[in-house]
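Single-letter residue listing:
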Amino acid sequence: MTDKIAPIFIDSFPRLPLLNNHGRHFMGLENSSSPELVERTKNLFEYLNERLGFFNSAEGRENQKYFNLLLRSIYPEVMIDLADLVYAQHERLAVYLSFDHININLKKNFFGNADSLQKMNQKMAHLFYQLAATIAKKAFLRDDSEIIRLLSESYSYYLYQTKNFPWEDPPQPKLPNLQQSVLDVATGLAGFSRIYSWPENFPQLMLSDSDPFIMSGLSHFLELTGKKNIVLMKADFPTKPPQGIKFGFIMVNKFLHHLQRSDRVNFLKWSMGVLESDGVLEILDTDLEHYIVEQSEQPEFKNKLTVGYLETLVEIERDYTDTLKSDVQGAGFRLIHFDCRNYCDETDAFSQNQGDILSLKFKGLEIVAEKSV
């Protein structure tokens with residue numbers, strides 16, 4: 001018989017409220033340089049207060065106490081941490097609360113020793129990650145339009161104000177024709193930096209995605225930048241790609257490894273059909289996730305990975321970089337450029353605990369292919 005761990009946050013009644021007057025003080029938000037983040041942080045937790053709470057028990061009261069202690073001392077960028085955990089963990093795996101910020105505010109009214117402070121931090125971190133997991137797992141919260149709006153607009157404001165983009169600035173494509181539209185397939189978080197860096201004298205850029213959080217955030221960010229030569233389109237590849245539109249250039253960055261080979265072949269055939277006669281397909285990708293799946297058979301490696309990450313991966317073939325090249329040619333494209341290199345990395349970006357270094361070996365490839373006439 002397996003013991004079932006009771007949840008910390010509940011949506012049933014009776015329950016203790018998520019917020020109390022101590023937490024509502026939000027001392028850590030005072031004097032912030034981003035009133036937009038402050039407003040949305042307060043609104044989000046008030047909104048969640050109407051939907052979640054704690055058990056009315058001794059343990060529930062303790063959880064409420066430490067959770068509100070965290071909120072009292074929290075920094076506005078906690079909205080980015082929460083958004084990453086709920087909506088973007090596949091792309092932003094390593095998310096850690098900044099207790100340097102939290103403890104600065106906490107120590108103003110704290111009289112304990114370092115050991116007790118460390119225990120408080122562990123307790124608050126546990127509650128925060130459990131809140132993120134609760135929102136992610138409960139569809140009525142994860143898919144709630146107001147939660148998506150508050151978190152995605154916070155993400156947008158943060159990136160607009162700091163320029164601290166989730167991914168390095170993607171290289172600008174070498175467009176053969178500045179009069180034809182460009183499609184960025186399944187743009188994801190990279191869409192923020194793509195919007196920011198897209199020149200005003202470039203042709204129309206269409207950013208496509210199907211995730212409501214991504215679409216909401218990009219729409220808000222696009223509005224902040226005021227750029228007129230970029231549009232958003234809801235699309236899901238390969239099942240619901242854009243229809244009735246021709247493109248001069250299609251960019252596919254770190255996406256095709258998410259698809260089974262048969263779906264990738266269908267995508268390549270679709271690309272051939274929607275490209276102009278002199279159109280170009282550009283692919284940047286890696287087989288990193290194949291390596292991670294393979295190495296996860298070793299308990300020492302698997303136990304370091306961020307909880308739940310393996311479940312987000314699609315198992316791809318061992319010779320992915322070779323089969324992708326072959327499939328591009330098989331779809332009728334003529335290769336202009338092909339480059340495949342081996343990479344090694346020592347990182348904790350995929351680890352559950354900061355400092356747990358994983359050694360990664362993978363291939364990265366670049367393909368530029370032209371539609372054959």
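Located above this text is the structure these notes cover.
Attention here is on the structure that accompanies the text. Remember, it's a predicted structure, so these values are computed and weren't measured experimentally. (Residues numbered from 1 in each chain as written. Predicted model: local features only at pLDDT ≥ 70, side-chain atom pairs only at ≥ 80, totals over all residues. Heavy atoms only, no water.)

Quick word on the overall build of the protein
Thought 1: If you tally the helices and strands in the protein, you get 13 helices and 10 strands.
Thought 2: Taken against the 2.2 N^0.38 rule, which gives 21 Å for 373 residues, the C-alpha radius of gyration of the protein at 23 Å falls within 12% of a compact globule.
Thought 3: Over its C-alpha atoms, taken along the principal directions, the protein stretches across nearly 75 × 50 × 35 Å.
Thought 4: In the protein, which comprises 373 residues, the proportion classed as buried is 50%.
Thought 5: Summarising the internal contacts of the protein: among those between residues at least 6 apart in sequence, 76% fall at separations of at least 24.
Thought 6: The centroid of the 39 positive side-chain charges in the protein is displaced by 3 Å from the centroid of its 50 negative side-chain charges. (Helix = DSSP H or I, 4+ residues; strand = E, 2+ residues; numbered from the N terminus. Rg over C-alpha atoms; globule rule 2.2 N^0.38 Å. Buried < 20%, exposed > 50% of the residue type's maximum accessible area, 1.4 Å probe, protein only. Contact = heavy atoms within 4.5 Å. Lys, Arg positive; Asp, Glu negative; His and termini not counted. Charge placed at Lys NZ, Arg CZ, Asp CG, Glu CD.)

Remarks on the environment of E50
Thought 1: Checked against the element boundaries, E50 lands in the loop between helix 1 (35-49) and strand 3 (53-54).
Thought 2: Judged by its relative accessible area of 55%, E50 is exposed.
Thought 3: Taking C-alpha positions, E50 is 39 Å from D184, a pair spaced 134 residues apart along the chain.

A closer look at the sheet that holds strand 10 (residues 358-371)
Thought 1: Strand order in this open sheet of 7 strands is 6-5-4-7-8-10-9, and the pairing throughout is mixed. This sheet does not close on itself; its edge strands, each paired only once, are strand 6 (230-234) and strand 9 (333-347). Taking each pair of neighbouring strands and ignoring which way they run, the sheet shows an average axis angle of 15°.
Thought 2: Pairing between strand 4 (residues 182-184) and strand 7 (residues 247-253): 3 bridges, direction parallel. (Pairing = 2+ DSSP bridges. Axes fitted to C-alpha atoms, helices over the stretch in contact; angles between N-to-C directions.)

Comments concerning the packing of aromatic side chains
Thought 1: The full count for this structure, using the stated rule, is 19 aromatic pairs.
Thought 2: Relative to F221, the ring of Y160 has its centre 6.2 Å away and its plane inclined at 80°; by these criteria the two rings are edge-to-face. Taken together, the residues Y160 in helix 7 (residues 145-162) and F221 in helix 9 (residues 212-225) connect sequence positions 61 residues apart.
Thought 3: Exposure remark for Y160: the relative accessible area of 32% places this residue in the partly exposed category.
Thought 4: Relative to F221, the ring of F165 has its centre 6.2 Å away and its plane inclined at 85°; by these criteria the two rings are edge-to-face. With F165 in the loop between helix 7 and strand 4 and F221 in helix 9, the pair connects residues that are 56 residues apart, well separated along the chain. The pair formed by F165 and F221 is uniform in burial state, with each residue classed as buried.
Thought 5: Here the aromatic residues Y87, Y155, Y160, F165, F192, Y196, F213 and F221 are joined through ring pairs into a cluster of three or more.
Thought 6: Looking at R51, its charged tip hangs above the ring of Y47, at a distance of 3.6 Å from the centre.
Thought 7: The cationic tip of K163 hangs over the ring face of Y160; the distance from NZ or CZ to the ring centre is 5.0 Å. (Phe/Tyr/Trp six-rings, centres within 6.5 Å; stacked < 30°, edge-to-face > 60°. Lys NZ or Arg CZ within 6 Å of the ring centre and 35° of its normal.)

Digging into the sheet that holds strand 2 (residues 16-17)
Thought 1: Taken in spatial order, the 3 strands make up an open sheet running 1-3-2, and their pairing is antiparallel. The sheet is open, and its two borders are formed by strand 1 (9-10) and strand 2, each paired with just one other strand.
Thought 2: By the bridge criterion, 2 bridges tie strand 2 to strand 3 in an arrangement that is antiparallel. Paired with P17 across the two strands is G53, which belongs to strand 3.

Here's the deal with the packing of helix 2 (residues 58-73) against helix 4 (residues 99-106)
Thought 1: Closest axis-to-axis distance for the helix 2/helix 4 pair is 8 Å, and the angle between their directions is 95°. Comparing their axes, helix 4 and helix 2 come out roughly perpendicular. Residues L69, L70 and S73 of helix 2 form the contact with helix 4, whose own contacting residues are H101, I102, N105 and L106. (Parallel < 35°, antiparallel > 145°, perpendicular 65-115°, else oblique.)

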